[in-house]
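# Survey of secondary and tertiary structure
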Amino acid sequence: MKLKLRENTIIVYTSDHGEMAGEHGLWYKNSFLEASATAPLIFSYPRTLPVNKKINASSMLLDIIPTLCDLSDIGQPNDLEGKSLLPLMNGDENTDRVAYSEMYRSSTGIMVRKGKWKYIRYNSEKDYLYDIDMDPEESKNLINSTHHQEIISELSTLASAKFRKKYVVEKRLNMRSRKAISLVLLFIFLLSCDSQESGRSSADARDEEGPVIALVMKSLANEFFVNMASGAERL
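Residues numbered from 1 in each chain as written. Predicted model: local features only at pLDDT ≥ 70, side-chain atom pairs only at ≥ 80, totals over all residues. Heavy atoms only, no water.

## Let's talk about the pattern of salt bridges
Scanning all chains against the criterion turns up 7 salt bridges. As a salt-bridge pair, Arg113 and Glu34 come within 3.3 Å of each other at their nearest N and O atoms. Placement of the pair is Arg113 in strand E6 (residues 109–114) and Glu34 in helix H1 (residues 34–37), with a sequence separation of 79 residues. For the pair Arg113 and Glu34, one class covers both residues: buried. With its nearest N and O atoms 3.9 Å apart, the salt bridge here joins Asp127 to Arg121. By relative accessible area, Arg121 is classed as buried at 17%. The network of salt bridges with common partners includes Glu34, Arg113, Lys118 and Glu138. (Salt bridge = Lys/Arg side-chain N within 4 Å of Asp/Glu carboxyl O. Helix = DSSP H or I, 4+ residues; strand = E, 2+ residues; numbered from the N terminus. Buried < 20%, exposed > 50% of the residue type's maximum accessible area, 1.4 Å probe, protein only.)

## Re the layout of surface pockets
The calculated volume of the second largest pocket comes to roughly 180 Å³. If you trace the second largest pocket, you find it lined by Met60, Asp63, Glu81, Gly82, Lys83, Asp96, Arg97, Val98, Tyr100 and Lys162. Split by residue class, the lining of the second largest pocket holds 3 nonpolar, 1 polar and 6 charged. (1 Å grid on protein atoms, 1.4 Å probe; cavity = no way out; pocket = protein on both sides within 12 Å on 5 of 7 lines; lining within 4 Å. Points joined across faces, edges and corners; volume = space filled by probe spheres on them. Nonpolar A, V, L, I, M, F, W, Y, C, P; charged D, E, K, R; others polar.)

## Topic: the sheet that holds strand E8 (residues 128–131)
Taken in spatial order, the 4 strands line up as E5-E6-E7-E8 in an open sheet, and their pairing is antiparallel. Only two strands of the sheet have a single partner each, and these edge strands are strand E5 (99–103) and E8. Strand after strand, the sheet turns through a mean of 15° between neighbouring axes, direction not considered. Bridge analysis of strand E7 (residues 117–122) against E8 gives 4 bridges, and the strand direction is antiparallel. Across the sheet, the residue bridging to Ile120 is Tyr128, located in E8. (Pairing = 2+ DSSP bridges. Axes fitted to C-alpha atoms, helices over the stretch in contact; angles between N-to-C directions.)

## Notes on the nonpolar core
Core analysis: the largest hydrophobic core is formed by 12 residues, namely Ile110, Val112, Trp117, Tyr119, Leu129, Leu142, Ile143, Ile151, Ile152, Leu155, Ala159 and Phe163. Residue assignment for this core shows that the elements contributing at least two residues are E6, E7 and helix H4 (149–198). It is H4 that contributes the most residues to this core, 5 residues altogether. Apart from residues no more than four positions distant in its own chain, Phe163 is found in contact with Tyr104, Thr108, Gly109, Ile110 and Asn123. (Core = buried A, V, L, I, M, F, W, Y, C linked by side-chain atoms within 4.5 Å. Contact = heavy atoms within 4.5 Å.)

## Here's the deal with helix H2 (residues 64–71)
Three or four residues apart is the spacing at which side chains of an α-helix point the same way, because the helix has 3.6 residues per turn. Restricting attention to buried positions, one finds in H2 the residues Ile64, Pro66, Thr67, Cys69 and Leu71. Where H2 is buried, its residues meet strand E1 (11–14), strand E4 (41–44) and helix H3 (86–89). Phi turns positive, to about 55°, at Asp73, one or two residues after H2.

## Re the side chain of Asp63
Topologically, Asp63 is positioned in the loop between E4 and H2. Apart from residues lying up to four places away in sequence, Asp63 is in contact with Gly82, Lys83, Ser84, Leu85 and Arg97.

## Quick word on the pairing of E7
Side-chain direction in a regular strand flips from residue to residue, so the side chains alternate between the two faces of the sheet. Most of E7 sits out of view: 6 of its 6 residues are buried. Residues Trp117, Tyr119 and Arg121 of E7 are buried on one face, and the alternating residues Lys118, Ile120 and Tyr122, pointing to the opposite face, are buried as well. Pairing of E6 with E7, which is carried by 6 bridges, proceeds in the antiparallel orientation. Each bridged residue has a counterpart across the sheet, and for Arg113 the counterpart in E7 is Lys118. With antiparallel pairing between neighbouring strands as the criterion, E6 and E7 make up a hairpin whose turn holds 2 residues, including Gly115 at a positive phi of roughly 60°.

In short, the description is geometric, and any link to function would need to be established separately.
Written as structure tokens, this is what we have:
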């Protein structure tokens, strides 16, 4: 008996990134250039999707989950950053779609892609604007062109909004993490001191003070972790 699993199975073929293979004299990944920033994204679902259809639109890997939700008739979580690709697959020619790529390594930066335009901003370097249709090799930076200030302003605003939010959230969480680690280490140190003091003469006043200090630090640490969690939720 044929189960017809193929007709009822969604297949997604993709990769987490592209790969530089000598383009611009670069290798591996960690770049916003096309060879590194682009990745294959193929959906197959014979029961619903068209066959052999190629779509040229801005998309990102974050769009996969919303698309699978739509294809499976499952409600999407409210906090998803991506957007479903199903309307594009069904013929919607939406030119307003925006795709983002972020880098938080040695050179922190963000890329915004909308249609043929690619805008790149690094913390330590100048900005870039490329017209991928006219300049697929990304050899001509248009960031100083007086004819492209409108699209530069639009994409720069999008980059600033997303980049600043991401940076502020991570900076605050990292600061809380460092404080939490400091408190934990202090707590462990005090417990160690208390354990050493407890092995000495019971007449030593520290035998009585040690447990009290440890309990106070434990209470402070617990309060700090609660505040850290609630703060992260508010962000």
